[in-house]
Amino acid sequence: MDELDGRGFIPDNLIEHETKWFYNSLGIDDHYFAAESVENIANHILSIYGAKVAAFSRKDHKLELRLDREDEDRAVYIDTSVPGVSNLSGPQYEERIDAKYLNGSDSTRAYRVETFRSVTKAVDDVTEDEPHQFRCYFVYKCKYPDVEITPGEVDMQKISDKLFCEKASENTKNIYKSVIERAVRQISGPVIEMFEIEGTRERRLIIGYRQRSASNYFSAISDLYHYYGMTSTRKYVEQFRNGVTVMCIYLSPSPKSARYPPIEHSIHQVIKEASLLYCLPKNLYQPLFAEGELSLQESIYAHCVTIFVTHFLNRLGPEYGSLLSILHEDNSAHQEVLSKIKRRLRQETFTREYIFDIISSQLELVRQFYLSFASTHYIQSAGEDREFLPTLSYQRLKSSSVLSDEELTKLVRRNAANDHHVIVMDEFHLFNKHVLRTNFYTPSKVALSFRLDPKFLPPLEYPQPLYGMFLTVGQEFRGFHLRFRDIARGGIRIVKSRSSEGYNINARSLFDENYNLANTQQRKNKDIPEGGSKGVILLDYEHQDKATVAFQKYIDSILDLLLPIQSPSVSSPIVDLYRKEEIIFMGPDENTAGLVDWATLHARERGAPWWKSFFTGKSPELGGIPHDEYGMTSLSVREYVSGIYRKLYIDGTTVRKLQTGGPDGDLGSNEILLSNEKYVAVVDGSGVLADPDGLDRAELIHLAKQRKMISSFDVSKLSKDGYRVLVDEKDVVLPSGEIVENGTTFRNLFHLREGKEDVNLFVPCGGRPEAININNVSNLIVNGKSTIPYIVEGANLFLTQQAKLKLEASGAIVFKDASVNKGGVTSSSLEVLASLAFDDEGFYKNMCVSDGKLPEFYKAYVEEVQTIIKLNAYLEFEALWREHERTGKPRSILSDELSNAITNLTEELQNSRLWEDTLFRDIVLQEALPKLLLDTIGLETIIHRVPVAYMKAIFGSYLAGRFVYENGPNPGQFAFFEFMVRKRQLVDE
């Protein structure tokens, strides 16, 4: 009061009143007054007094206070607000607290939050329609005790902020400890508890979750309880050193709560929906939810369908199909025109912004389609009040009824402003009809997942039908998992974006890239029992640092739909319109190699009976065979390079080589270690390294062994004509005098430099799909001749099929990805076979590294796997070379024909009566199975332990592969008969 008196702004007779009101009526915790200086407290009192004076000077007496002070270790915010109302035009202090302090909190740098609402109105004369109160926020940097903790530690004295330990009661500490223990053990989703405050209508809601797993959750939860007619008197966010965040909210009915259900029902809804909100704290339609135009479920449903629409809206139309039938696929000029038209139609007809605008203008349709979706996929628990479920807003449910398909179709056409509105809103109907399973209504989840029936995909765009499709949506990502057979295998990759423009490009091509990768995998898997699959996770541009979190949420949300409905880790029944058990086999790919151990152990924690075979490429401690450590994929790539040298009598040491994908990657590093060519250029994520005199081999090997990018290359080992250009560099002058204006652009287009680097062999071991396509391949053709004579496509989809054919027509020898890089999938398949063939004891003994020692079986098995990889690659190379010389067909077409012939024959053989001939079956399996497995376990035991469908697939794929490699993709009528006669002779012998 002396400080205020000395400043002279508040009349003397009001100083005591204003000071006591500030101390007693705002509900501020004592710690604020103990921690803040007298000067700061006086400043805050003056700010509030000034806001009151300003309010009385207005006709509407509207009180507005905006006070904020942000420092490194603390922050204070004071605002006026109406209880129970989200003020979208206000200063958004909660969003600022999320962005500046909470989203990035972890065990090393964390912030705690205390927020209070005044117990009286801010100004006595404001109208009853707007009972403004003050809301105060206090942010403090956590100070933890200087003691070591173990992973999963729950000792509150060790893991808590010092101030929390001083202030919290024993009861609060015990409650928090219980929540923290569950959050540490929790397999997925937040831990939510509710306590009644005795003698009041107030409820205490406590939510525990893992740090950095739910950006903007603090601010989003306010919109949720406001929607159900509640306001908070106090809120606390505590951060603990073991990686857990606990949010405590004291909720009571808002002044306008008479229009809402009783607090018992409202709090029930908030608890149920807090998990859904945790998946997507901020969705595209969040403002409409905050304003009460959509419920939380409706807004998140609309968000998910919007993603669906952006990927699957058929923008090509029947006109494109007519054009396709007129033009000729073997005409490169026609291919180029079609490619450009297709790209423009997909990118420009319906942009993401246009789709969002259309959906935002059709909220009645959104509500009706959501109600149809909910009526199908929500299972009402016993004793639940139907009028609140499936958790639409209370007011809306009383008059809601589920419309039939015909009624929905009519409603769309009645409400639509034009044809584009009809096209977009019809996609909601398409989405609803093809969702077979979803975790949308399970109370514990970390991301949303939908098992879709892929039959809606237009054959014109996707001629090879998919067997299964998953769409996953999380706060940090969106993703797909696609497969072409029931039993299928393929890697999971994470796609990152260096710029917002790059993100938009990646988002547009996400599904097509995933489809093409899975299709390539299908052809690549010709030698193994599993069909092709692939998963792609696209990080949102704002969450490029959340790759691990996104991967974990992606895996967990898919597990929600794979595990049996009766599984203990499935928290609520799921409506199953698929009605079949599904198993998906996954493996590492771009940016996921270090995450597969977690996925394996997580599947085990969730009770998956197939956890050992769920992921391949895991660490040897879990029975995995790491592709990068043993060069599994590179072995098959090198077999093709060596095959070219063998057929053309070339000395590899004289070959000048370009490689994309640097020494930091699996394929790139092993290609360097296994090869003997003269490298003239290497391109990776960091930039371009080139030297026409040849890059220093010892330095490249050093980087490959260290798994470092070319940015770590010692440039003193370059010749006078050599150079390195990094992606962040500008206006670099090359030794030739050429000026590189932009390092990123130079890196992205380096492989198209029109023969300037004088390259004989190009081995793509990394890079974005379709880097060489029909629109740019002419850069590699001069005077009708390819500037690069030999291309071995190690990286998936680096060249489009049209580009490959044009290069082959220009004299290049091109071997495509589906043939070249199949070594990794062979290794993965044999890894899974071992996990299925051994019982648990034998698996741990023979396949799992213990105390850093490799079991003798493991070492020998890896060597046999490598031998099988090289043999399969050799057989296919010889078949492709022979068939090309015999028919003159491009090798890129022959590769597809071989793959399709093998996969089709595999399907026929594994379902044929040949399997019932046990003598013949056993002869084939003894050839097909690794000799070491047969010697260690025995054929009879393997047949008993491995699922029959899997054994039939091994039987069929081995017979089909050997027949097609020997006889080609189009054999004569009696070729298979003669092949079988020879096999039968083995049985007779």
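This is a predicted model, so every value here is computed, not measured.

Draft legend 1. Broad picture of empty space enclosed by the protein. Summed over the entire model, instances satisfying the criterion amount to four cavities of 30 Å³ or more. The space that makes up the largest cavity amounts to roughly 330 Å³. The wall of the largest cavity is formed by 23 residues, among which Val85, Ser86, Asn87, Glu94 and Tyr137 lie closest to the centre. In terms of residues, the lining of the largest cavity owes the most to one element, helix H9 (residues 217-227), which gives five residues.

Draft legend 2. The arrangement of the packing of helix H33 (residues 856-887) against helix H38 (residues 948-967) in detail. Running from amino to carboxyl end, H33 crosses H38 at an angle of 35°, the nearest separation of the two axes being 8 Å. Between H33 and H38 lies a crossing of left-handed hand. When H33 is examined against H38, the residues Leu871, Asn872, Leu875, Glu876, Ala879, Arg882 and Glu883 are found in contact with a partner set consisting of Arg962, Val964, Tyr965, Glu966 and Asn967. Classifying every residue of the contact of H33 with H38 by side-chain character gives five nonpolar, two polar and five charged.

Draft legend 3. The arrangement of the nonpolar core in detail. Core analysis: the biggest nonpolar cluster contains 101 residues, and Tyr217, Ile221, Phe431, Phe440, Phe450 and Phe511 have the highest contact counts within it. Residue contributions to this core peak at 10 residues, all from helix H12 (residues 296-312).

Draft legend 4. Region of the structure containing the packing of helix H26 (residues 666-674) against helix H27 (residues 697-706). One can describe the packing of H26 onto H27 by two numbers: an axis separation of 9 Å at closest approach and a directional angle of 140°. Taken as axis vectors, H26 and H27 run oblique relative to one another. Between H26 and H27 the crossing geometry is left-handed. Side by side, H26 and H27 meet where Ser669, Ile672 and Leu673 of the first sit next to Arg697, Leu700, Ile701, Ala704 and Lys705 of the second. For the contact of H26 with H27, the residue count by class is five nonpolar, one polar and two charged.

Draft legend 5. Summary view of the state of the cysteines. Tallied over the entire structure, the rule returns zero disulfides. Cysteine Cys165 remains unbridged, with the sulfur of Cys142 as its closest cysteine sulfur at 11 Å. Unpaired in this structure, Cys248 has its nearest cysteine sulfur neighbour in Cys142, at a distance of 15 Å.

Draft legend 6. Focus on the packing of aromatic side chains. Tallying each qualifying case throughout the model produces 62 aromatic pairs. An angle of 65° between the planes, with centres 5.5 Å apart, marks the rings of Phe484 and Tyr515 as edge-to-face. In this pair, Phe484 sits in the loop between strand E12 (477-483) and strand E13 (488-495) while Tyr515 sits in helix H20 (residues 500-524), placing the two residues 31 residues apart along the sequence. Tyr515 carries the same exposure label as Phe484, and that label is buried. Pairing Phe762 with Phe798 gives two aromatic rings, centres 5.7 Å apart and planes at 80°, and the pair type is edge-to-face. Taken together, the positions of Phe762 in strand E22 (residues 761-764) and Phe798 in the loop between strand E25 (790-792) and helix H29 (801-809) put the pair 36 residues apart, joining distant regions of the chain. For the residue pair Phe762 and Phe798, the accessibility class agrees, reading buried in each case. The residue whose ring lies beneath Lys553 is Tyr278, and the NZ or CZ to ring-centre distance is 5.5 Å.

Draft legend 7. A look at the pattern of salt bridges. This model, assessed by the stated rule, comprises 66 salt bridges. Between Glu36 and Arg69 there is a salt bridge, and its shortest N-O distance comes to 3.5 Å. With a gap of 33 residues between them, Glu36 in the loop between helix H3 (30-35) and helix H4 (38-57) and Arg69 in strand E1 (residues 66-70) connect regions that are remote in the sequence. In this structure, Lys534 and Asp589 form a salt bridge, with 2.5 Å as the shortest nitrogen-oxygen distance. Taken together, the residues span a long stretch of sequence, with Lys534 in strand E14 (residues 531-539) and Asp589 in the loop between strand E15 (585-588) and helix H22 (596-605) at a distance of 55 residues. On the basis of relative accessibility, which here comes to 3%, the residue Lys534 falls in the buried class. Overall, the relative accessible area of 18% leaves Asp589 in the buried class.

Draft legend 8. Quick look at the sheet that holds strand E5 (residues 191-196). The eight strands are arranged E1-E2-E4-E3-E7-E8-E6-E5 in an open sheet whose pairing can be described as antiparallel. Whereas interior strands pair on both sides, the edge strands pair on one side only; in this sheet they are E1 and E5. Pairs of neighbouring strands in the sheet enclose a mean axial angle of 15°, with direction left out of account. For strand E2 (residues 74-81) and strand E4 (residues 133-141), the ladder comprises eight bridges, and the chain directions are antiparallel. Residue pairing across strands places Arg74 opposite Tyr140, the latter belonging to E4. Sheet contacts for helix H8 (residues 170-185): E5, strand E6 (203-210), strand E7 (230-240) and strand E8 (244-253); angle to E6, the most-contacted strand, approximately 40°.

Draft legend 9. Broad picture of the side chain of Asp589. Among the polar contacts made by the side chain of Asp589, one reaches the side chain of Lys534 at a distance of 2.5 Å. Those residues in contact with Asp589 that sit more than four places away from it in its chain are Gly491, Ile492, Arg493 and Lys534.

Draft legend 10. The sheet that holds E25, seen in detail. Strand order across the open sheet formed by seven strands is E19-E18-E17-E16-E22-E25-E26, with mixed pairing between neighbours. Of all strands in the sheet, those bounded by a partner on one side alone are strand E19 (723-726) and strand E26 (813-815). For this sheet the average axis-to-axis angle between neighbouring strands, irrespective of direction, equals 10°. Pairing geometry for E25 and E26, over three bridges, is parallel. Counted as the bridge partner of Ile791 is Val814 from E26.

Draft legend 11. Here's a closer look at the pairing of E6. For E6, a buried count of seven out of eight residues is recorded, marking the element as mostly surrounded by other parts of the structure. Taken together, the six bridges between E5 and E6 define a ladder with antiparallel strand orientation. Across the sheet, residue Phe195 finds its bridge partner in E6, namely Arg204. Linking two consecutive strands that pair antiparallel, namely E5 and E6, is a turn of six residues; a positive phi of about 80° is found at Gly199 within it. Where E6 meets E8, eight bridges bridge the pair, whose relative direction is antiparallel. By the bridge assignment for E8, Leu205 is matched with Ile249.

Cut-offs applied
Residues numbered from 1 in each chain as written. Predicted model: local features only at pLDDT ≥ 70, side-chain atom pairs only at ≥ 80, totals over all residues. Heavy atoms only, no water. 1 Å grid on protein atoms, 1.4 Å probe; cavity = no way out; pocket = protein on both sides within 12 Å on 5 of 7 lines; lining within 4 Å. Points joined across faces, edges and corners; volume = space filled by probe spheres on them. Helix = DSSP H or I, 4+ residues; strand = E, 2+ residues; numbered from the N terminus. Axes fitted to C-alpha atoms, helices over the stretch in contact; angles between N-to-C directions. Left-handed = near helix turned anticlockwise from the far one by under 90°. Contact = heavy atoms within 4.5 Å. Nonpolar A, V, L, I, M, F, W, Y, C, P; charged D, E, K, R; others polar. Core = buried A, V, L, I, M, F, W, Y, C linked by side-chain atoms within 4.5 Å. Buried < 20%, exposed > 50% of the residue type's maximum accessible area, 1.4 Å probe, protein only. Parallel < 35°, antiparallel > 145°, perpendicular 65-115°, else oblique. Disulfide = S-S within 2.5 Å. Phe/Tyr/Trp six-rings, centres within 6.5 Å; stacked < 30°, edge-to-face > 60°. Lys NZ or Arg CZ within 6 Å of the ring centre and 35° of its normal. Salt bridge = Lys/Arg side-chain N within 4 Å of Asp/Glu carboxyl O. Pairing = 2+ DSSP bridges. Polar contact = N/O pair within 3.5 Å; in protein donor to acceptor, adjacent residues only side chain to side chain.

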